[in-house]
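# A closer look at the structure
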Amino acid sequence: MGFPRFIHINQATSVPAAVVVDAKIVAEEIDKLFPSCKIDIRPPFRYEEKMIEHAKIADIKQPFEKQPNQERDNMTMMTIPLYDGFVMQKMFAEMIPIEELSLDHIHIILTTLLTCTFSEDDWRYHGRAVICGTPSIISITGIIEAPAKPREFYLAQLDGMAADNGSLKKKFAGRFIDYNDENKITAASINYALQVIFFFITSGEPFCNHKDCRLFNAHWQEDLIHTIEKRTLCNHHRNLAKNL
Ligand SMILES: [Zn+2]
């Protein structure tokens, strides 16, 4: 597969203000690893509110085609609305100019919307930080919400400490990425942007088993933070990037 020559990054909207990412830093880091690529930062991807409502999930235990048709906003279980990542991707793809649809171009859309995908393994939706493809979507809310917090966090929550979520969060500070932590959210966005790029240059293999590698598929916040602190690719992936 040829190597993409252009990487377009659509900035996220600045609403809500607690979910912020510095797209410039993301672009700079990618540029260091892939200097032959032309990277540009674009304004937030524009879509109609009505359109995106169509991707909203009302029942996380039903696949998209079985979602209740009405009352999509009648969500009792979720505090943060969830959107089907692949449905969103399909909608967004239709809005990309045709001359930018070739494999020469990688589109990365940063969004504050919480993306999710349906798993047939346990028959439910799961939050996702990244959806690879054209375009690729990095959900910065997903960075905070999708990888699990430490097990003890949830146990303490069950123990009734949930009444005071603030002190619970304080107790586990540093072991998960929280809202307002722009540095860590940005660093994690770099990881996911790299996963997107490797998805394309390896024909669909964005992840790595090496725990230190930025392409590690972190299911836990602590694992994600570990790769952020390491700020590195494993030898194999570093060589892949270098040899392009
Ligand atoms: Zn690796």
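Structural data are supplied above this passage.
These lines cover the structure that appears in this document, whether it is placed above or below. (Residues numbered from 1 in each chain as written. Predicted model: local features only at pLDDT ≥ 70, side-chain atom pairs only at ≥ 80, totals over all residues.)

## Examining the overall build of the protein chain
- When helices and strands are tallied, the protein chain shows 9 helices and 9 strands.
- Against the compact-globule benchmark of 18 Å for 244 residues, the protein chain has a radius of gyration of 18 Å, which places it among compact chains.
- C-alpha atoms of the protein chain, sized along the principal axes, occupy 55 × 40 × 35 Å.
- Of all 244 residues assigned to the protein chain, the portion counted as buried reaches 34%.
- Here the contacts in the protein chain between residues at least 6 apart in sequence split such that 68% fall between residues at least 24 apart. (Helix = DSSP H or I, 4+ residues; strand = E, 2+ residues; numbered from the N terminus. Rg over C-alpha atoms; globule rule 2.2 N^0.38 Å. Buried ≥ 20, exposed ≤ 12 C-beta atoms within 10 Å, placed from the backbone. Contact = placed C-beta atoms within 7 Å.)

## Looking at the packing of helix α7 (residues 182-201) against helix α8 (residues 221-230)
- Contact pair α7 / α8: the axes reach a minimum separation of 10 Å and the direction vectors enclose 85°. Considered as vectors, α7 and α8 are oriented roughly perpendicular to each other. Residues K184, A187, A188 and N191 of α7 touch α8, and the partners they reach there are L224, T227 and I228. (Axes fitted to C-alpha atoms, helices over the stretch in contact; angles between N-to-C directions. Parallel < 35°, antiparallel > 145°, perpendicular 65-115°, else oblique.)

## Some words on the sheet that holds strand β6 (residues 114-119)
- The strand order β3-β4-β6-β7 describes an open sheet built from 4 strands, whose pairing is mixed. Single-partner strands in this sheet number two, and they are β3 (56-57) and β7 (124-128).
- Relative to strand β4 (residues 82-84), β3 runs antiparallel, the two being bridged by 2 bridges. Across the sheet, residue K56 finds its bridge partner in β4, namely Y83.
- Where helix α3 (residues 85-93) meets the sheet, it contacts β4, β6 and β7, and its direction lies at approximately 65° from that of β4. (Pairing = 2+ DSSP bridges.)

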